[in-house]
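# Observations on the model geometry
Chain by chain, the residues:
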Amino acid sequence: MIYLQLFWAFFYPGILGYGGGPASIPLIEHEVVDKYGWMTTAEFSEALALGNSLPGPIATKMAGCIGYEVGGIFGAMVALFATVGPSLLAMLVLLNILYRYRQSPRVKRLSGFVLPAIAVLLAEMTFDFMKTSLDIIGLLATMLLIAGAYVALEKLKIHPVFVVMTGLAIGGIFL
Amino acid sequence: MASQKEIFVAFFRSGILGFGGGPSAIPLVKKEVVDTFQMMTDEEFAEVLAIGNTLPGPIITKMAGYIGYRTGGWIGLINALIASVLPTVLLMILFLAALKQLKDFDFVKGMTNGVVPVVTVMLGLLTWDFLKKSKKSLGWKAGGFIFAASFAGMFVIGLHPGVIIAILFLAALLLPAKKEGKDE
């Protein structure tokens, strides 16, 4: 039963996320945290932080590790297949049709139409995380760390690995 | 036809060297597939990428699967997928398990707390990135309208995000399109 749930939890994000793996992250959170309750928001954020500091596609890293946590090695395989399989199959089956219509304005605007909805989902998730942070470490620490991480990532263009590591160290020492 | 070893190397390297999720690793995939191993031309790669972007789901695995299949058959498909996905998934499981082992130390609990705001910023930047992409493909007016409508649909009416994405998908295909495309 758990394997079926794992399949659905990663199948939806895989076929709804427009804009590559990162777009499916809020959809995965929706299933994993809100719907099935396999993780808390803080646990999910820990996994996401780790995922963002490691190389490679993010959706499959999340699927692999959450699948493994919930259902062992077979769980990881199910979650990975659900993430990768449907969209790849669609690509192989529809490639010729899409190729024929690739100049059609309707096909061209497909991903464009969905992007703003993905942005809404990402914004919601950002607020979720901010709320979680306020709950566990309070206003002052949250604001300081957000400001610091923003400057480091966006202004100084420091690699995410180092920003996450600094966040971990500061958290370990002070929080 | 590329050898299975070449397929594996191409997707292993672009998977293990790319940070920031699949979309930001696309230039690395292109470098391996087009420049290093010459499995396809520049134009072919651009075309496959454009088609991949009209479909949902992770882009790296769509590209790896398709290119693997084209250059090495079904074995090539599996090979390319394993090479691009498995190494980093294993790393992830290992690291997370290690972190779990140390869970009871106060230091590690604090670490988790310190990383939530950092992830918040990363998500905020990703949101901004998608807003910019929306503006680029639709302009402020249409993009803003869909953003506001999706927001209302999700939080005022309480629709499942999937329903909204399905509606937008159908709207893109069914609504009348201007004869002149944006960039023609």
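Residues numbered from 1 in each chain as written. Chains lettered and ligands numbered in written order. Predicted model: local features only at pLDDT ≥ 70, side-chain atom pairs only at ≥ 80, totals over all residues.

Inclusion rule: UniProt positions are given in the numbering used here, feature names are shortened, and annotations may be inferred rather than shown by experiment.
As annotated in an unreviewed UniProt entry, chain B carries the name Chromate transporter and is attributed to Ureibacillus terrenus. Here chain B is described in UniProt, under the heading Sequence similarities (unreviewed entry), as follows: "Belongs to the chromate ion transporter (CHR) (TC 2.A.51) family."

As recorded in an unreviewed UniProt entry, chain A goes by Chromate transporter and comes from Ureibacillus terrenus. Entered under Subcellular location (unreviewed entry) in the UniProt record, the comment concerning chain A runs "Cell membrane". Per UniProt, chain A carries the Sequence similarities (unreviewed entry) text "Belongs to the chromate ion transporter (CHR) (TC 2.A.51) family."

## Concerning the overall build of chain A
What counts is decided by this rule: A run of H or I in DSSP counts as a helix once it spans at least four residues, and a run of E counts as a strand once it spans at least two, with each numbered from the N terminus. We call two residues in contact whenever the C-beta atoms placed from their backbones are within 7 Å.
Helix and strand counts for chain A come out as 7 helices and 0 strands. Listed N to C, the secondary structure of chain A is α-α-α-α-α-α-α in terms of helices and strands. Principal axes of the C-alpha set define a box for chain A whose edges measure 55 × 40 × 25 Å. Nonlocal contacts in chain A, meaning residues at least 24 apart in sequence, comprise 55% of its contacts between residues at least 6 apart.

## Some thoughts on the overall build of chain B
To keep things clear, this is the line we draw: It is over C-alpha atoms that the radius of gyration is taken, and the globule rule equals 2.2 Å times the number of residues to the power 0.38. Partly exposed residues are those falling between the two cut-offs: more than 12 but fewer than 20 other C-beta atoms within 10 Å of their own, whereas 20 or more means buried and 12 or fewer means exposed, with C-beta atoms placed from the backbone.
If you tally the helices and strands in chain B, you get 6 helices and 0 strands. A compact globule built from 184 residues would reach a C-alpha radius of gyration of about 16 Å, whereas chain B, at 21 Å, exceeds it by more than 25%. Projected onto its principal axes, the C-alpha positions of chain B cover 55 × 45 × 25 Å. Within chain B, buried positions represent 43% of all 184 residues. In chain B, the proportion of contacts linking residues at least 24 apart, taken out of those at least 6 apart, comes to 46%.

## Some words on the interface of chain A and chain B
To keep things clear, this is the line we draw: Side-chain classes are defined by residue name, with Ala, Val, Leu, Ile, Met, Phe, Trp, Tyr, Cys and Pro counting as nonpolar, Asp, Glu, Lys and Arg as charged, and the others, Gly among them, as polar.
With 89 residues of chain A in contact, the opposing surface of chain B contributes 79 residues. Elements supplying a minimum of two residues to the side of chain A that touches chain B: α1 (2-16), α2 (21-35), α3 (41-53), α4 (58-100), α5 (105-108), α6 (110-155) and α7 (160-174) of chain A. Of the residues belonging to the side of chain A that touches chain B, the class tally is 58 nonpolar, 24 polar and 7 charged.

## Concerning the domain arrangement of chain B
Many descriptions give the size of an interface as the accessible area lost when the pieces come together. We apply this condition: In this entry, domain limits derive from an automatic or database-based domain assignment.
Under the domain assignment, chain B is made up of domain 1 (4-101) and domain 2 (106-174). The distance between the C-alpha centroids of domain 1 of chain B and domain 2 of chain B comes to 25 Å.

## Considering the confidence of the model for chain B
Residue and element names in this part refer to chain B. For the record, the criterion: pLDDT: the predictor's confidence for each residue, scored from 0 to 100.
Here chain B averages 87 in pLDDT, while 96% of its residues score no lower than 70. Long-range and interchain partners of residues 180-184, a stretch whose pLDDT sits below 50, account for 2 contacts in this model, where long-range means more than four residues apart. Scored by ipTM, the complex comes to 0.85, with pTM at 0.84.

## Considerations on the environment of Thr36(B)
All names here are of chain B. In this structure, Thr36 sits in helix α2 (residues 22-36). Distance from Thr36 to Leu125, taken between C-alpha atoms, is 32 Å for residues 89 residues apart in sequence. Among all residues touching Thr36, those that are not within four sequence positions of it are Ala10 and Lys31.

## Let's talk about the packing of α3(A) against α6(A)
Residue and element names in this part refer to chain A. Note the threshold: Note on geometry: axes are lines fitted to C-alpha atoms, helical ones only across the stretch in contact, with angles between N-to-C directions running from 0 to 180 degrees. Note on terminology: angles under 35 degrees are roughly parallel, angles over 145 are roughly antiparallel, angles of 65 to 115 are roughly perpendicular, and the others are oblique. Crossings are assigned a handedness: left-handed for a near helix turned anticlockwise from the far helix by less than a right angle, right-handed for a clockwise turn.
For the pair α3 and α6, interaxial distance at closest approach is 10 Å and the crossing angle is 115 degrees. Classified by the angle between their axes, α3 and α6 sit roughly perpendicular to one another. With respect to the hand of their crossing, α3 and α6 are arranged in left-handed fashion. Together, Thr41, Ala42 and Ser45 of α3 and Asp128, Phe129, Thr132 and Ile136 of α6 make up the contact between the two elements.

## Notes on the UniProt feature "transmembrane region" (unreviewed entry) in chain A
Residue and element names in this part refer to chain A. Sites flagged by UniProt as "transmembrane region" (unreviewed entry) map to residues 73-98, 110-130 and 136-153. With 100% helix and 0% strand, the stretch residues 110-130 has end C-alpha atoms that lie 31 Å from each other. For the annotated span residues 136-153, helix accounts for 100% and strand for 0% of the residues, and the straight-line distance between the end C-alpha atoms is 23 Å.

## Re the environment of Pro57(A)
Looking at where Pro57(A) falls in the secondary structure, it is placed in the loop between α3 and α4. For the pair Pro57(A) and Gly21(A), spaced 36 residues apart in sequence, the C-alpha separation works out to 6.8 Å. Apart from the residues within four sequence positions on either side, Pro57(A) is in contact with Gly21(A), Gly15(B), Gly21(B), Gly22(B), Pro58(B), Ile60(B), Thr61(B), Ser84(B) and Val85(B).

## A short note on the nonpolar core
In plain terms, the rule: We call a set of buried Ala, Val, Leu, Ile, Met, Phe, Trp, Tyr and Cys residues a nonpolar core when their C-beta atoms link them within 7 Å.
Counting 100 residues, the largest nonpolar core has Ala79(A), Ala117(A), Ile118(A), Ala119(A), Leu122(A), Val118(B) and Val119(B) as the members making the most contacts within it. Taken together, domain 1 (4-101) and domain 2 (106-174) of chain B each give at least three residues to this core, which thus spans both. Here Val118(B) is in contact with Ala49(A), Leu145(A), Ala149(A), Val163(A), Val164(A) and Gly167(A), once residues within four sequence places are set aside.

## Quick notes on the packing of helix α1 (residues 4-17) of chain B against α2(B)
When two helices pack together, their arrangement is given by the angle between the helix axes and by the axis-to-axis distance. Residues and elements named next belong to chain B. α2 packs onto α1 with a crossing angle of 155 degrees between their chain directions and a minimal axis gap of 9 Å. Between α1 and α2, the angle falls in the class roughly antiparallel. In the crossing of α1 with α2, the sense of the turn from one axis to the other is right-handed. Contacts between α1 and α2 pair Ala10, Arg13, Ser14 and Leu17 from the former with Ala25, Leu28, Val29, Glu32, Val33 and Thr36 from the latter.

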